[in-house]
Amino acid sequence: MTPNDCIFCRIAAGEIPARILARTDSALAFHDLNPQAPHHVLVIPVPHISGAAAVGSETEVWAPLMSLATEVARQLGLDEKGYRLVLNQGQDGGQSGGHLHVHLLGGRRMSWPPG
Ligand code: 5GP
Ligand code: ZN
């Protein structure tokens, strides 16, 4: 998959509209199109990376991603009651989008174990 046919790359490039919450040089946070909780935000790296398994030794990917996810959670007022960060990898993990993303879910009580 190239950035041209990747939806999340096109959102990062401003070619597909999204409700953007926060942006840094290396990561972007926007509302999920099909929210599964009162707050459902996707946090992506700006460069195209297909998923967690593709990160390998490029561990510098993680800090900006997780920092932005926790920062947006704080801005949404979720720190006190809590929230869940989810990263789906591959078929068994339930990944459908081919660009690495972290789900920030909040505003309701989450169940465990996950489905
Ligand atoms: P996955 O199943 O890969 O972990 O999550 C992909 C997520 O991307 C889904 O929650 C889906 O609703 C969201 N999504 C898919 N296409 C779009 C889009 O064009 N815009 C936005 N904002 N979210 C999308
Ligand atoms: Zn991409």
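You'll find the structure just up there.
Calculation criteria
- Residues numbered from 1 in each chain as written.
- Chains lettered and ligands numbered in written order.
- Predicted model: local features only at pLDDT ≥ 70, side-chain atom pairs only at ≥ 80, totals over all residues.
- Heavy atoms only, no water.
- Helix = DSSP H or I, 4+ residues; strand = E, 2+ residues; numbered from the N terminus.
- Rg over C-alpha atoms; globule rule 2.2 N^0.38 Å.
- Buried < 20%, exposed > 50% of the residue type's maximum accessible area, 1.4 Å probe, protein only.
- Contact = heavy atoms within 4.5 Å.
- Areas by Shrake-Rupley, 256 points an atom, 1.4 Å probe, with all protein chains shown as cover.
- Lys, Arg positive; Asp, Glu negative; His and termini not counted.
- Charge placed at Lys NZ, Arg CZ, Asp CG, Glu CD.
- Expected span 1.5 Å × (residues − 1).
- Arc of directions from axis to C-beta.
- Donors = N, O, S within 2.8 Å, 3.2 Å for Na, K, Ca; no water.
- Tetrahedral: all angles 85-135°; square planar, octahedral: opposite > 155°, others 65-115°.
- Near = heavy atom within 4 Å.
- Polar contact = N/O pair within 3.5 Å; in protein donor to acceptor, adjacent residues only side chain to side chain.
- Nonpolar A, V, L, I, M, F, W, Y, C, P; charged D, E, K, R; others polar.

Engineer: Teacher, can you tell me more about the overall build of the chain here?
Structural biologist: From N to C terminus, the chain includes 3 helices and 5 strands. Of the regular secondary structure in the chain, the N- to C-terminal order runs α-β-β-β-α-β-α-β. The C-alpha atoms of the chain give a radius of gyration of 14 Å, which matches the 13 Å a tight globule of 115 residues would have. For the C-alpha atoms alone, the extent of the chain along its principal axes is close to 40 × 30 × 25 Å. Across the 115 residues of the chain, 33% fall into the buried class. Here the analysis covers contacts within the chain between residues at least 6 apart in sequence; of these, 53% occur between residues at least 24 apart. When the accessible area of the chain is evaluated, it comes to approximately 7,000 Å², of which 52% is carbon and sulfur surface. Computing the positive centroid from 8 side-chain charges and the negative centroid from 10, the chain places the two 12 Å apart.

Engineer: Even after reading the chapter, I still don't get helix α2 (residues 62-75), so can you show me in this structure?
Structural biologist: Residues spaced three or four apart along an α-helix point in a common direction, a consequence of the helix completing one turn every 3.6 residues. Over its 14 residues, α2 runs 20 Å from end to end, which matches the ideal 20 Å to within 8%, given 1.5 Å per residue. L65, L68, A69, V72 and A73 are the residues of α2 that are buried. With its buried residues spanning 135° around the axis, α2 presents them on a single face. On its buried side, α2 packs onto β1 (20-23), β2 (27-31), β3 (39-45), β4 (83-86) and β5 (102-106).

Engineer: Any chance you could explain the coordination of the zinc ion (ligand 2) here in plain terms?
Structural biologist: In an ideal tetrahedron of four donors about a metal, each angle is 109.5 degrees. In an ideal octahedron of six donors, the angles are 90 or 180 degrees. Donor atoms from the polypeptide that coordinate the zinc ion (ligand 2) comprise C6 (SG), C9 (SG), H48 (ND1) and H99 (ND1), at 2.0 to 2.3 Å from the metal. For the zinc ion (ligand 2), the 4 donor atoms are set out with angles of 105 to 117° between them, so the coordination reads as tetrahedral. Each donor residue of the zinc ion (ligand 2) lies on the same chain, and together they follow the pattern C-x2-C-x38-H-x50-H. Residue C6 shares its accessibility class with C9, and that shared class is buried.

Engineer: I keep staring at the site of ligand 1 and nothing clicks. Help me out?
Structural biologist: Around ligand 1, a shell composed of 16 residues is seen, among which D32, N88, S96, G97 and H103 lie nearest. D32 is positioned with one of its side-chain polar atoms (N or O) 2.5 Å from an oxygen atom of ligand 1. L33 has a polar backbone atom sitting 3.3 Å from a nitrogen atom of ligand 1. When residues of the shell around ligand 1 are traced back to their parent elements, those giving at least two are α1 (7-12) and β2. At 3 residues, α1 tops the list of elements feeding residues into the shell around ligand 1. Considered class by class, the residues forming the shell around ligand 1 number 6 nonpolar, 9 polar and 1 charged.

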